[in-house]
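Breakdown of the fold
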There are 2 protein chains.
Amino acid sequence: MTETARRGRGRPRDGSIDERALAATRDLLARRGFEGTTIQAVAHQSGLHASAIYRRWPSRVELIEDAVSPGVEAVQVTPTGDLRRDLERFVRAYLRVLSTPAARAAAAPLMALHQSAGGRGPAGIRHSTRPQFRAILAAAPAGTVDAAIDPDDVFDVVLGLVLTRILVDPVISRRRPVSHSVDMVLRLLRPLPTA
Amino acid sequence: MTETARRGRGRPRDGSIDERALAATRDLLARRGFEGTTIQAVAHQSGLHASAIYRRWPSRVELIEDAVSPGVEAVQVTPTGDLRRDLERFVRAYLRVLSTPAARAAAAPLMALHQSAGGRGPAGIRHSTRPQFRAILAAAPAGTVDAAIDPDDVFDVVLGLVLTRILVDPVISRRRPVSHSVDMVLRLLRPLPTA
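Read on for a plain summary of the structure.

**Digging into the overall build of chain A**
Check the secondary structure of chain A and you find 12 helices and 0 strands. Listing the helices and strands of chain A from first to last along the sequence gives α-α-α-α-α-α-α-α-α-α-α-α. Evaluated residue by residue, chain A yields a buried proportion of 54% over its 195 residues. Taking the intrachain contacts of chain A between residues at least 6 apart in sequence as the baseline, contacts between residues at least 24 apart amount to 66%. Here chain A displays about 8,600 Å² of accessible surface, and carbon together with sulfur accounts for 54% of that area.

Here it is as structure tokens:
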């Protein structure tokens, strides 16, 4: 849930209370994991009343989503027109946001919940990084990006690369440099030779 | 855990008991989800004693892994040398194995557990589909696969594509045909033009 989305729901706002709850949530996620991050634990840790937390978030799930949600600005990469550089900055920013101890603790459990709820995507994923990715491709010099390729298809590949780098042990343990993932994406984007 | 691995540990074997427990586990996963799939529930559902189940599996986690584990044979694609066809069969077999109601219910929770345990990868992922993928590339006609590309890097991309197709709502909801994912992989593999 983004700040804007929450504001849009007309909830009462108190930045300091919000920030205390979110900081306590991140701290608990990192130290005690997803299961240990309950509203009661957040209240205890932050010195806030549980009722004050419930006024802002309907359940710990939304609170945790907000706490680990990067917000669009955290993966904000302004395209320079240097495709390789822009893609690498984008992938690194994405990985950074999902690699914090709190995000690592929350990612798979949130996916599991959304999965069983048939609901929304994992936190940090729906936050419109897709348009940003499109903007990076749009800023690339002519001839470097195949016009026939669907940027959304490539974005799905990037998403898969980022998630497996965070979540899947056999990929994590290979410790491939990020530049290899970027190479893969660049290969995908290249115009096909007219042979 | 594969059949071979369990046999290797010298546990007592009774195929019918194993199969009853595994079938009950799959059924419970599909109907009640990961949290509802306890050893007690499996015992009740299968008519087995909980002790008989514990003799075979140290905890419900290993039981669930076994129940949703495809075994290598489930993603067995014999390369024909037709790269597109082989890749499509491989991706479809992989998706099929991970798309059963039981596997869908178990995938993200298992990843979450392995994540917090710093342990092994999610079930169905470590089962050596990687060598199979390599074999498919090795059987491809000369000139269709860039010799400079690391098949393992491409396999990681395939893994990401498969997982996001199963787990990530924004990707699931796009409902792209599997052939698009195969196109992506083929693009990755193409030799670079010597320009």
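**With respect to the interface of chain A and chain B**
Counting residues at the interface gives 44 residues for chain A, matched by 43 residues for chain B. Interface area, chain A with chain B, both sides summed: about 3,600 Å², of which 59% is carbon and sulfur. Summed over the shared surface of chain A and chain B, the number is 6 salt bridges. A salt bridge links Arg176(A) to Asp153(B); its shortest N-O distance comes to 2.7 Å. Put simply, chain A and chain B have 12 residue pairs in polar contact (both at pLDDT 80 or more) between them.

**Quick notes on the pattern of salt bridges**
Taken as a whole, this structure holds 26 salt bridges over all chains when the rule is applied. Between Arg130(A) and Asp156(A) there is a salt bridge whose closest N-O contact spans 2.8 Å. Separated by 26 residues along the polypeptide, Arg130(A) in helix α9 (residues 129-138) and Asp156(A) in helix α10 (residues 151-167) bring together distant segments of the chain. Take Arg130(A): its relative accessible area is 14%, and that puts it in the buried class. Owing to a relative accessible area of 6%, Asp156(A) belongs among the buried residues under this scheme. Here Arg130(B) makes a salt bridge to Asp152(B), at a shortest N to O gap of 3.4 Å. Here the residue Arg130(B) occupies a position in helix α8 (residues 129-138), and Asp152(B) occupies one in helix α9 (residues 151-167), the gap between them amounting to 22 residues. Counted as one network, the salt bridges with shared partners bring together Arg130(A), Arg134(A), Asp152(A) and Asp156(A).

Conventions adopted
Residues numbered from 1 in each chain as written. Chains lettered and ligands numbered in written order. Predicted model: local features only at pLDDT ≥ 70, side-chain atom pairs only at ≥ 80, totals over all residues. Heavy atoms only, no water. Helix = DSSP H or I, 4+ residues; strand = E, 2+ residues; numbered from the N terminus. Buried < 20%, exposed > 50% of the residue type's maximum accessible area, 1.4 Å probe, protein only. Contact = heavy atoms within 4.5 Å. Areas by Shrake-Rupley, 256 points an atom, 1.4 Å probe, with all protein chains shown as cover. Buried area = accessible area lost by both parts, 1.4 Å probe. Salt bridge = Lys/Arg side-chain N within 4 Å of Asp/Glu carboxyl O. Polar contact = N/O pair within 3.5 Å; in protein donor to acceptor, adjacent residues only side chain to side chain.

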